[in-house]
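So you can see what is in the structure, the chains are spelled out below.
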Amino acid sequence: MSKLKPGKSPGRDNIHLEFVIYQSTTTSGWLCAFYPSCYQRLKLPKTWRRASVIALPKPNKPAEDPKSYRPISLLCVPFKILERMVHSRIEPVVDSQLPREQAGFRRGRSTADQVTLLCQDIEDSFQDNEKSWGSVPGSDCCI
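Residues numbered from 1 in each chain as written. Predicted model: local features only at pLDDT ≥ 70, side-chain atom pairs only at ≥ 80, totals over all residues. Heavy atoms only, no water.

Draft legend 1. Broad picture of a positive patch on the surface. A surface patch of like charges, here positive, comprises Arg12, Arg41, Lys43, Lys46, Arg49 and Arg50. Tracing the backbone through its elements, the reader meets Lys43 in the loop between α2 (25–41) and β1 (52–57). On the basis of relative accessible area, Lys43 is assigned to the exposed category, the value being 55%. (Patch = residues over 30% accessible without salt bridge, like charges linked within 9 Å, V, L, I, M, F, W, Y side chains within 5 Å. Areas by Shrake-Rupley, 256 points an atom, 1.4 Å probe, with all protein chains shown as cover. Salt bridge = Lys/Arg side-chain N within 4 Å of Asp/Glu carboxyl O. Lys, Arg positive; Asp, Glu negative; His and termini not counted. Charge placed at Lys NZ, Arg CZ, Asp CG, Glu CD. Helix = DSSP H or I, 4+ residues; strand = E, 2+ residues; numbered from the N terminus. Buried < 20%, exposed > 50% of the residue type's maximum accessible area, 1.4 Å probe, protein only.)

Structural data, given as structure tokens:
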């Protein structure tokens, strides 16, 4: 919960994050009992499975053009908390199983890492007087 940022808009259930942060021990106990029941029954409340989508205007774009808006999905705060709990538990397990070339949706990785890996592979191959196959396993393309 400490990683969630106050001041965010609520989802369809209209529960604000500040309510959850400053909740009573009764509410906290209820959530702690409710989340495991979601796991056990493999069910989530219907409200959590729906998002409120709003369109925010992009700066310096014409208001009459639909492409001038960015859609934002507002999810329910209790669902965001559950999502963070699940993510924090599976990330270490999944991350250790992924190849080093996988950068998308990984903490501390970016496309710049991909370019660096590719350049390093080319440089290593050049130094060893070999062909470079790039950093992509199973790639049929020779660089």
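Still to come is the rest of the account.
Draft legend 2. Just the nonpolar core, in detail. If you look at the biggest cluster of nonpolar residues, it comprises 13 residues, and the most contacted ones within it are Val20, Phe34, Tyr35, Trp48, Val77 and Ile81. Counting only elements with at least two residues in this core, the list comes to α1 (17–21), α2 and α3 (77–97). Leaving out residues up to four positions away in the same chain, Trp48 has contacts with Asp13, Phe34, Tyr35, Cys38, Cys76, Pro78, Phe79 and Leu82. (Core = buried A, V, L, I, M, F, W, Y, C linked by side-chain atoms within 4.5 Å. Contact = heavy atoms within 4.5 Å.)

Draft legend 3. Structural context of a nonpolar patch on the surface. Taken together, the side chains of Ile90, Val93, Val94 and Leu98 make up a nonpolar region of the molecular surface, amounting to roughly 310 Å² of accessible area. Locating Leu98 in the fold gives a position in the loop between α3 and α4 (111–127).

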